[in-house]
Structures are given as structure tokens and as C-alpha cells.
Amino acid sequence: MGILLGKTALITGGSRGLGRAIALKLAGEGAEILLHYNQNRAAAEAVAREIAGPCRLLQADIRSPQEIEAMIASLHGAPLDILVNNAGIWGQTPLGSAALDYVESMLDANVKGLFWTTQVALPLLREGATIINMSSTAARVGIAAGRSLYPATKAAVDSLTKSWALELAPRKIRVNAVAPGYVETDMTAAYLAKPDVIRGILERSPFGRLGNAEEVADLVLFLCSPASQWITGQSINISGGFVV
Ligand SMILES: NC(=O)c1ccc[n+]([C@@H]2O[C@H](COP(=O)([O-])OP(=O)(O)OC[C@H]3O[C@@H](n4cnc5c(N)ncnc54)[C@H](OP(=O)(O)O)[C@@H]3O)[C@@H](O)[C@H]2O)c1
């Protein structure tokens, strides 16, 4: 294989969950990995050990523009072929009792951080590079149970994806988003462990199961590959029919 040999990929939130699976997938195709993490250095180091090829760790809290700028500055202008804006947070923001700190934190991580990472990394992106933003099927439906802000942040990600696809087309940079349904990761583990929750989700799932991180990574690989060269500005639903 090795369809990404000679390519360099920066993956945010690569220490765990979907980012980890994406890093392993792209590395398996020969990409050099720049693996970003925030708090879990040990987990990031474990991913780096699993990657047979070159992998460099980068730390930043993406809620901090200064930390993003320092992270990108540490690359000293080395070119990038792939940027996967994956890092994000999920949680409750019930109208009436949402804490302002948490509202700001979610907007900062899921929207401002993604925007700033892309803006600061842009000079390093080669002509013909690809950007993949992590969205969610939650952006496409109404969400009950006090979680309205998270889907709104992912709707913003979808909107940025469309506009950036047009804005960056003159540099032959493609921009797409990946929108998974529920996947069991650290983010969702406690929620999915509730018997009534998992029963309801599986009843709504035509294939009767959750997706997994490997499947999401396969879609990211496709969007990085020449096989998707005529696809840009799309947010691709990967939920096994959970949201159609
Ligand atoms: N799991 C799902 O069902 C699902 C479905 C749809 C979309 N998504 C989206 O997929 C992405 C990854 O989700 P996941 O399930 O893999 O989550 P996860 O297991 O909680 O992992 C989150 C990753 O993001 C990083 N991160 C979190 N906050 C950060 C911050 N402030 N600054 C920098 N990095 C930060 C974490 O880094 P450290 O651990 O090093 O701190 C970690 O690597 C998110 O954007 C999420 O919204 C997930």
C-alpha cells in the first residue's frame, strides 16, 4: 500500500479515540505523523510507539490561540499535506443552567480552536493539500436532553468546511468534513454505558450496532487519497444509517 508515502499529516486530538485511529491509519499508509495532544502525553506516546514510521508529538490546548501559534511555530515552516482538525469536546449545556465557562470552553475548542489551527497552519499547507474537519451527525438533527450547543458547534464546522472549500480551491486545497454517529470512545463511554441510552441508540440503528473508530479512520483515509480528488466542501455522514 503506502498511498501516503512522502506526505505529512497533522492530526489534532491524536492521543485518544478517533484521532488515535486516524493517526494509525494514515501512518499505516506511509504518512509522517505530527500527533497533537493536550493533556494526555502518556497516551500520545503510546500512539507514537504503535506507529512504526516517523511520528512527532505536539502539545497545545486548542482553546488557546497562543498555544496553537507556538505549536505551529515549532514546525519551523515544514510543509504539511494533510490537516485533520479532530480535537473537540462533548457535554451538556442545558438551557437555563449551562455554565458560561463551559459554554466558552466548548465554543473555543470546537469552533475557535479549529478555525485558528487552520488559519495558523495555512502557510505550511502545500498546494494540493487536504483538510478534514471532524463534524458529527448531531449537526443535522435536533438534539434533546440539554446538549444543544455541541451540535451547533458541529454545524459551524460543516459551514466552515463549505466556505473554506471555496476559499482554498485556488490553492488546490480540498476541504471536507467527516460526520460520525455514535462511536464508543472516552468521550462517549459513560453515556453509552447507560442501559436505556444504548438500547435506544441500537433500536434506531438499522445495522443494530455502533460504528467504530477504524471505520471513521477509513473515511478520513479515503478523503486524503487521490480516489477523492474531485470531492470538496462535503460533510460525509458516517453513521451506518443512524441519521439519514
Ligand atoms: N465519539 C463519538 O461518538 C463522536 C461522534 C461524532 C463526532 N465526534 C467528534 O470526534 C472528535 C474526537 O472525538 P473522540 O470521541 O475521539 O473524543 P475523545 O476520546 O474524548 O478524545 C478527544 C481528543 O481531543 C483532544 N482534546 C480535547 N480537548 C482538547 C483541547 N482543549 N485542546 C487540545 N486537544 C483537546 C484530547 O487530547 P488529550 O486527551 O491529550 O487531552 C483527545 O486526543 C471530536 O471532535 C468529537 O466531537 C465523536
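Residues numbered from 1 in each chain as written. Predicted model: local features only at pLDDT ≥ 70, side-chain atom pairs only at ≥ 80, totals over all residues. Heavy atoms only, no water.

## Topic: the nonpolar core
- Judged by nonpolar contacts, the single largest core of 32 residues is most densely connected at I22, L26, I33 and V178.
- Contributing elements (two or more residues each) for this core: β1 (8-11), α1 (17-28), β2 (32-37), α2 (41-50), β4 (80-85), β5 (125-134) and α8 (213-224).
- The element that contributes the greatest number of residues to this core is α8, accounting for eight residues.
- Residues in contact with L26, not counting those within four places in the same chain, are L4, A9, I11, A31, I33, I82, V84, L221 and C224.
- Listed in part, the 27 residues of the second largest apolar core include L125, A129, A165 and I173. (Core = buried A, V, L, I, M, F, W, Y, C linked by side-chain atoms within 4.5 Å. Buried < 20%, exposed > 50% of the residue type's maximum accessible area, 1.4 Å probe, protein only. Helix = DSSP H or I, 4+ residues; strand = E, 2+ residues; numbered from the N terminus. Contact = heavy atoms within 4.5 Å.)

## Examining α1
- Between the first and last C-alpha of α1 there are 17 Å, a value that for 12 residues agrees with the 16 Å anticipated at 1.5 Å per step.
- L18, G19, A21, I22, A23, K25, L26 and A27 are the residues of α1 that are buried. (Expected span 1.5 Å × (residues − 1).)

## Quick word on the packing of aromatic side chains
- Enumeration according to the criterion identifies six aromatic pairs in this entry.
- By the ring-pair criterion, three or more aromatic residues cluster together here, those being W90, Y150, Y182, Y191 and F242.
- Between the NZ or CZ atom of R204 and the centre of the ring of F242, over which it lies, the distance is 4.1 Å. (Phe/Tyr/Trp six-rings, centres within 6.5 Å; stacked < 30°, edge-to-face > 60°. Lys NZ or Arg CZ within 6 Å of the ring centre and 35° of its normal.)

## Considerations on the site of the ligand
- Residues in contact with the ligand amount to 32 residues; listed here are only the nearest, S15, R16, N40, Y150 and T185.
- The contact in question runs from an oxygen atom of the ligand to an N or O atom on the backbone of Q39, over 2.8 Å.
- Contact between the ligand and I62: a nitrogen atom at 2.9 Å from a main-chain N or O atom of the residue.
- For the ligand, the protein covers 95% of the area, taking 900 Å² as the surface of the free molecule.
- Of all the secondary structure elements, the ones that give two or more residues to the shell around the ligand are α1, β2 and α5 (149-168).
- For the shell around the ligand, a count of residues per class yields 12 nonpolar, 15 polar and five charged. (Near = heavy atom within 4 Å. Polar contact = N/O pair within 3.5 Å; in protein donor to acceptor, adjacent residues only side chain to side chain. Areas by Shrake-Rupley, 256 points an atom, 1.4 Å probe, with all protein chains shown as cover. Nonpolar A, V, L, I, M, F, W, Y, C, P; charged D, E, K, R; others polar.)

## Observations regarding the confidence of the model for the chain
- The pLDDT averaged across the chain works out to 97; a share of 100% of its residues lies at or above 70.
- Summarising per-element confidence for the chain, the mean pLDDT is lowest in helix α6 (residues 189-192) (95) and highest in β4 (99). (pLDDT = per-residue confidence, 0-100.)

## A few points about the sheet that holds β1
- Strand order in this open sheet of seven strands is β3-β2-β1-β4-β5-β6-β7, and the pairing throughout is parallel. The strands lining the two open edges of the sheet, one partner per strand, are β3 (55-59) and β7 (235-238). Adjacent strand axes in the sheet meet at a mean angle of 20° when their direction is disregarded.
- The pairing of β1 with β2 spans four bridges and is classified as parallel. Each bridged residue has a counterpart across the sheet, and for T8 the counterpart in β2 is E32.
- Of the strands in this sheet, β1, β2, β4, β5 and β6 (174-180) are in contact with α1, which crosses β1 at around 175°.
- Where helix α4 (residues 100-121) meets the sheet, it contacts β4 and β5, and its direction lies at approximately 170° from that of β4. (Pairing = 2+ DSSP bridges. Axes fitted to C-alpha atoms, helices over the stretch in contact; angles between N-to-C directions.)

## Quick notes on the pattern of salt bridges
- Inspection of the entire model under this criterion finds nine salt bridges.
- With a closest N to O distance of 3.0 Å, R41 and E45 form a salt bridge. Taken together, the residues span about one helical turn, with R41 and E45 both in helix α2 at a distance of four residues.
- Taking the relative accessible area as the measure of exposure, R41 reaches 41% and is therefore partly exposed.
- Among the residues examined, E45 registers a relative accessible area of 31% and is labelled partly exposed.
- Ionic contacts of the salt-bridge type, sharing partners, join the residues K25, E214 and D218 into one network. (Salt bridge = Lys/Arg side-chain N within 4 Å of Asp/Glu carboxyl O.)

## Remarks on the packing of α4 against α5
- It is the contact of α4 with α5, at a shortest axis distance of 10 Å, that shows an interaxial angle of 15°. Between α4 and α5, the interaxial angle falls into the category roughly parallel. The handedness of the crossing between α4 and α5 comes out as right-handed. Residue-level inspection shows V103, M106, L107, N110, V111, L114, F115 and T118 of α4 in contact with α5, the latter providing L149, Y150, T153, K154, A156, V157, L160 and W164.
- Of the residues contributing to the contact of α4 with α5, the split by class is 12 nonpolar, three polar and one charged. (Parallel < 35°, antiparallel > 145°, perpendicular 65-115°, else oblique. Left-handed = near helix turned anticlockwise from the far one by under 90°.)

## A short note on the environment of L107
- Following the sequence through the fold, L107 ends up in helix α4.
- Given the relative accessible area of 36%, L107 is considered partly exposed.
- Spatially, the C-alpha atom of L107 lies 16 Å from that of Q66, the residues being 41 residues apart in sequence.
- When near neighbours in sequence (up to four residues on either side) are disregarded, L107 contacts K112, L149 and T153.

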